[in-house]
Amino acid sequence: MFVETSVSRISKYNEELCGDNVEIVETEDSKIIVLSDGLGSGVKANILSTLTTKIASRLLEKGIPLEEVVDTITNTLPVCKERQLAYSTLSILQIFNDGRAYLVEIDNPDSFFIDSKGNISKIETKKRRVGDKEVREARFQLKNNEMIMLISDGVTHAGVGGLLNFGLGWDGIAEHFERIISKYQSSNKFAEELIEVCNAYYCMEPGDDTTAVIAYFREERELTLFSGPPKNIDKDKEVVDKLISKSGKRVIAGGTSAQIVARELDEELEVSLLYHDPEIPPTSRLDGVDLVTEGLLTLNKTVERLKNVSCQEDLPKQRDGATELARLLLESDSINMLIGKKINPAHQSLRLPENMAIRKQIIKRLVDCLKEKGKKVTIEWF
């Protein structure tokens, strides 16, 4: 199972820094999400919320009990002389790989639970005192395709002083979320769309820092990409066996690579002559493979596509090989690359050393781009 996390936020109007902060930490068996809303706004609030999330996430990562975490934060951060408030608000969500979840909320709005059918409800919490603070906490079990959303109070207050007297409130946010949940697949888009709604209610001049964090619990999506023939022809069968044995989506980038797979599987490679984009060669079809594209030109264009978007919904609607490959990569969490070292005869005239080969450079750019987007990438060279 996999926990997809997405964060979207806007700063208070005329403030360069956001007073809300989010810290996400991965452990061996869980993911910890910490959201803090610093007192006030701007630089001071940003410092307070950053300290809060850093302290909380690091202590929890080391297995320190909640009571000690709250006590440490309370005694570390300064007290506001006017309001006599000691620190930022705090929401902590820990989701284990088996779906067990632990939620703690201190002075933040109630979180949202979204089941696999899109129904939204509050999470039933129990109140208790930790030091001089009232803490709401819950332990529950998540199932496949369920989500939790943490928010700062800028979300529920959206519209105060403008379109609404008392802001959207929890129920208003839930109503808007229900409208968008069927439109998208990625939690990135859910969070972005919700914050855009809040910004609209603030008449594009947010009266407070506004943050939404979504944790989407689902099965991990895996993709295996084979590109470039192996340097030694004896490795052809080994590469094809690895490609076919992998679970999840399978992609081939390169005409020669596709021919190798077709030969080893004794399948017919269907080559298309239909151009969806004049700059990108057509795709092909091969049984057992989800996408077959041309090689280096398509991979290079795929990198360009990926750099300009944050999630698959931002990609253009066209069906060319680069866009389709970018979409599959963005939908995946774990990406295995099987890359051949054989130099294409068409590139021999460049007389580049092996470590400067065109394919290697493009693959490096692709890997760097995917890692920036939080993807787990492994490469095997042949």
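See the structure printed just above.
Residues numbered from 1 in each chain as written. Predicted model: local features only at pLDDT ≥ 70, side-chain atom pairs only at ≥ 80, totals over all residues. Heavy atoms only, no water.

**Considerations on the packing of helix α8 (residues 296-307) against helix α10 (residues 358-372)**
Phase 1: In contact at an axis separation of 10 Å, α8 and α10 are set at 25 degrees when each is read in the N-to-C sense. The orientation of α8 with respect to α10, classified from their angle, is roughly parallel. By crossing handedness, the relation of α8 to α10 is classed as left-handed. Touching L296, L299, N300, T302, V303, L306 and K307 of α8 are I358, R359, I362, I363, R365, L366, C369 and L370, all from α10.
Phase 2: Residues of the contact of α8 with α10, tallied by class, amount to 10 nonpolar, two polar and three charged. (Axes fitted to C-alpha atoms, helices over the stretch in contact; angles between N-to-C directions. Helix = DSSP H or I, 4+ residues; strand = E, 2+ residues; numbered from the N terminus. Parallel < 35°, antiparallel > 145°, perpendicular 65-115°, else oblique. Left-handed = near helix turned anticlockwise from the far one by under 90°. Contact = heavy atoms within 4.5 Å. Nonpolar A, V, L, I, M, F, W, Y, C, P; charged D, E, K, R; others polar.)

**Focus on the environment of I55**
Phase 1: Considering the arrangement of structural elements, one finds I55 in helix α1 (residues 42-61).
Phase 2: Taking relative accessible area as the criterion, I55 reaches 17% and is therefore assigned buried.
Phase 3: Residues I55 and T283, 228 residues apart in the sequence, show an inter-C-alpha distance of 50 Å. (Buried < 20%, exposed > 50% of the residue type's maximum accessible area, 1.4 Å probe, protein only.)

**Some details on helix α9 (residues 321-331)**
Phase 1: In terms of burial, α9 is largely enclosed, as 10 of its 11 residues are buried.
Phase 2: Listing the buried residues of α9 in full gives G321, A322, T323, E324, L325, A326, R327, L328, L329 and L330.
Phase 3: Buried positions along α9 lie against β12 (222-227), β13 (249-253), β16 (291-293), α8, β17 (334-339) and α10.
Phase 4: Between the side-chain oxygen of the N-cap and the backbone nitrogen of A322 there are 3.1 Å, and the N-cap of α9 in question is D320. (Polar contact = N/O pair within 3.5 Å; in protein donor to acceptor, adjacent residues only side chain to side chain.)

**Side note on a negative patch on the surface**
Phase 1: A surface patch of negative charge is lined by D266, E267, E268, E270 and D287.
Phase 2: Mapped onto the elements, E270 comes out in strand β14 (residues 270-271).
Phase 3: For E270, a relative accessible area of 45% puts it in the partly exposed group. (Patch = residues over 30% accessible without salt bridge, like charges linked within 9 Å, V, L, I, M, F, W, Y side chains within 5 Å. Areas by Shrake-Rupley, 256 points an atom, 1.4 Å probe, with all protein chains shown as cover. Salt bridge = Lys/Arg side-chain N within 4 Å of Asp/Glu carboxyl O. Lys, Arg positive; Asp, Glu negative; His and termini not counted. Charge placed at Lys NZ, Arg CZ, Asp CG, Glu CD.)

**Quick look at the packing of aromatic side chains**
Phase 1: Under the counting rule described, the total for this entry stands at two aromatic pairs.
Phase 2: Between F112 and W170 the ring centres are 4.3 Å apart and the planes differ by 5 degrees, which places this aromatic pair in the stacked class. Of this pair, F112 sits in strand β6 (residues 112-114) while W170 sits in helix α4 (residues 169-180); the two residues are 58 residues apart in sequence, bridging distant segments of the chain. Across the pair, exposure class does not vary: F112 and W170 are buried alike.
Phase 3: Look at F177 and F190: their rings are 5.8 Å apart centre to centre, the planes differ by 45 degrees, and that puts the pair in the tilted class. Highlighted residues: F177 in helix α4 and F190 in helix α5 (residues 187-201), separated in sequence by 13 residues.
Phase 4: Since its relative accessible area comes to 1%, F177 is described here as buried.
Phase 5: Assessed through its relative accessible area of 2%, F190 is described here as buried.
Phase 6: Over the ring of W170 we find K122, and its NZ or CZ is 5.2 Å from the ring centre. (Phe/Tyr/Trp six-rings, centres within 6.5 Å; stacked < 30°, edge-to-face > 60°. Lys NZ or Arg CZ within 6 Å of the ring centre and 35° of its normal.)

**As for the side chain of Q94**
Phase 1: On the secondary structure map, Q94 appears in strand β4 (residues 90-96).
Phase 2: Looking at Q94, the relative accessible area reads 18%, which means it is buried.
Phase 3: In this structure the side chain of Q94 is engaged in a polar contact, spanning 3.0 Å, whose partner is the side chain of S30.
Phase 4: The residues contacting Q94, other than those within four sequence positions of it, are S30, K31, I32, R100, A101 and Y102.

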